[in-house]
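An overview of the molecular structure
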Amino acid sequence: MIVTNQVIRLLKEQVENRNVEMGGLLYGKLNPGWIRIENIGISGPHSKQTPDYISLDMDFVRKESMAKAQEQMLAVGTWHSRPPGALLKPSALDTKMMNIFSSYYKKPMLPVFCICSYTNKSFSLVWYEVSSLGLPKEVSVSCYEEKPIC
């Protein structure tokens, strides 16, 4: 999995100094051998955000996804934040949603999921995919810009 440094910056900007969950889709390209995440979506103006969960504005997300498709980007996963101090492990609800989202994809091209948090001036994130048993498992990431820097 490859993630642009711009995506990392955008995620950090979305969650910095927030006490509620934020989230949206991840956009990029995928094939059986790799996923490249190039941009993120946001939850939309009619989303519901609390310290415990987020509910996306699905009309907004559909329109956003159609616009990204015009830029040759597909929805390749989802992201959401946790409030400061919360664990970055998927909850039972996260696992259920990961499995539902993954069911729309054909193996071996499965989506990825990011859970992130900004705590004590430090940004953290963990990437997951769904295993064949339907359980979240961490995946490794390579970051890049014009020149690799992470």
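Rules used in this analysis
- Residues numbered from 1 in each chain as written.
- Predicted model: local features only at pLDDT ≥ 70, side-chain atom pairs only at ≥ 80, totals over all residues.
- Heavy atoms only, no water.
- Helix = DSSP H or I, 4+ residues; strand = E, 2+ residues; numbered from the N terminus.
- Rg over C-alpha atoms; globule rule 2.2 N^0.38 Å.
- Buried < 20%, exposed > 50% of the residue type's maximum accessible area, 1.4 Å probe, protein only.
- Contact = heavy atoms within 4.5 Å.
- Areas by Shrake-Rupley, 256 points an atom, 1.4 Å probe, with all protein chains shown as cover.
- Lys, Arg positive; Asp, Glu negative; His and termini not counted.
- Charge placed at Lys NZ, Arg CZ, Asp CG, Glu CD.
- Phe/Tyr/Trp six-rings, centres within 6.5 Å; stacked < 30°, edge-to-face > 60°.
- Core = buried A, V, L, I, M, F, W, Y, C linked by side-chain atoms within 4.5 Å.
- Pairing = 2+ DSSP bridges.

Secondary structure assignment for the protein yields three helices and 10 strands. Secondary structure of the protein in N-to-C order comes out as β-α-β-β-β-β-α-β-α-β-β-β-β. Relative to the 2.2 N^0.38 estimate, which gives 15 Å for 150 residues, the radius of gyration of the protein is 14 Å and therefore close to what a compact globule would have. When the 150 residues of the protein are sorted by exposure, 42% land in the buried category. Restricting the contact set of the protein to residue pairs at least 6 apart, pairs at least 24 apart contribute 66%. When the accessible surface of the protein is summed, it comes to about 8700 Å², and 55% of that surface belongs to carbon and sulfur atoms. On the protein, the mean spot of the 17 positive side-chain charges and the mean spot of the 14 negative ones are 3 Å from each other.

Turning to the packing of aromatic side chains, a few remarks are in order. Here the structure, examined in full by the defined rule, presents two aromatic pairs. Arranged with centres 5.9 Å apart and planes meeting at 80°, the rings of Phe101 and Phe113 form a pair that is edge-to-face. Here Phe113 lies in strand E7 (residues 112-119) and Phe101 lies in helix H3 (residues 92-102), a separation of 12 residues in the sequence. Phe113 shares its class with Phe101; the two are buried. Here a set of aromatic residues connected by ring pairs shows up, and it is made of Phe101, Tyr105 and Phe113.

Attention shifts here to the environment of Glu13. Of note, Glu13 is situated in helix H1 (residues 5-15). Spatially, the C-alpha atom of Glu13 lies 12 Å from that of Ile42, the residues being 29 residues apart in sequence.

The next point concerns the nonpolar core. Formed by 31 residues in total, the largest nonpolar core has its most connected members in Leu11, Val15, Leu26, Ile37, Trp79, Cys114 and Trp127. Where this core is concerned, the elements lending two or more residues are H1, strand E2 (23-31), strand E3 (34-40), strand E6 (74-82), H3, E7 and strand E8 (122-130). Here this core takes six residues from E7, the largest share from any one element. Non-local contacts of Ile37, meaning those with residues more than four positions away in its chain, are made with Met1, Ile2, Val3, Thr4, Val7, Leu26, Tyr27, Gly28, Val76, Val112 and Trp127.

Burial analysis of E3 places five of its seven residues in the buried class, the great majority of the element. Summarising the sheet, E2 and E3 pair through six bridges and their orientation is antiparallel. Bridged to Asn31 within E3 is Trp34. Taking the residues that link successive antiparallel strands as the turn, the E2-E3 hairpin has two residues.

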